[in-house]
Structures are given as C-alpha cells and as structure tokens.
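Chain by chain, the residues:
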Amino acid sequence: MFTSFQLMVGTEFVLRHALQEGVKITLVVNKVDRLILELRLPPADAFHKIKHTIEEINTFIGSVDVVNSSFCPCLIAQ
C-alpha cells in the first residue's frame, strides 16, 4: 500500500471509506528492513522516516470528513 513509505491514492480511498463507515483501522508498518538493507539508513534516520510516515497518515485521517458524527476517528499513537 505504500511506495517509498508514502501514502498512496488507493490507500487514501480505502482509509477514507473505512473511516466514513465507522470501521476500526489498524496501521501495519511493513518493509522496515528496506530502510536498513536497501537504503542503508542509520537507525535514527530510519526512525524519523517511519515517524514522518505515521504523521502523514495521521494528517490524512484528521482531514477525512466523517458522515457519522458520533464516530470520532482516533489518530495513531506516536
């Protein structure tokens, strides 16, 4: 769902739909090994890259208009 650790259009569509329907979502960060093995990032840089990705997702979640006003999307813990 992510290319180079960025939120893709298809992922945005699925997240928006799930949030509008009140479906609970779970974030799974995978391919973390690519940061170390392929991009050869030091641990601190890899951490900041992952943190930035989570912040990007949280920003997107916060921007979604939720039809059901009783549902409050929760941001992912950082």
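Please read all numbers here as calculations on a predicted model, not as lab measurements.

Analysis parameters
- Residues numbered from 1 in each chain as written.
- Predicted model: local features only at pLDDT ≥ 70, side-chain atom pairs only at ≥ 80, totals over all residues.
- Heavy atoms only, no water.
- Core = buried A, V, L, I, M, F, W, Y, C linked by side-chain atoms within 4.5 Å.
- Buried < 20%, exposed > 50% of the residue type's maximum accessible area, 1.4 Å probe, protein only.
- Helix = DSSP H or I, 4+ residues; strand = E, 2+ residues; numbered from the N terminus.
- Contact = heavy atoms within 4.5 Å.

Caption draft 1: Highlighting the nonpolar core. Among the nonpolar cores identified, the biggest contains seven residues, and these are Leu 7, Leu 15, Leu 19, Ile 57, Phe 60, Ile 61 and Val 64. With three residues, the single largest contributor to this core is helix α3 (residues 43-63). If we ignore the near neighbours within four places in the chain, the residues touching Val 64 are Arg 16, Leu 19 and Gln 20.

Caption draft 2: Region of the structure containing unusual backbone geometry. One non-glycine residue, Lys 31, adopts positive backbone phi at about 60 degrees. Structurally, Lys 31 can be placed in the loop between α1 (9-20) and α2 (33-37). Overall, the relative accessible area of 47% leaves Lys 31 in the partly exposed class. For Arg 40, which is not glycine, the phi torsion reads 55 degrees and is therefore positive. Residue placement: Arg 40 occurs in the loop between α2 and α3. Of the residues examined, Arg 40 reaches a relative accessible area of 66% and is grouped as exposed.

Honestly, that's just the spatial picture; any functional story needs more than this.
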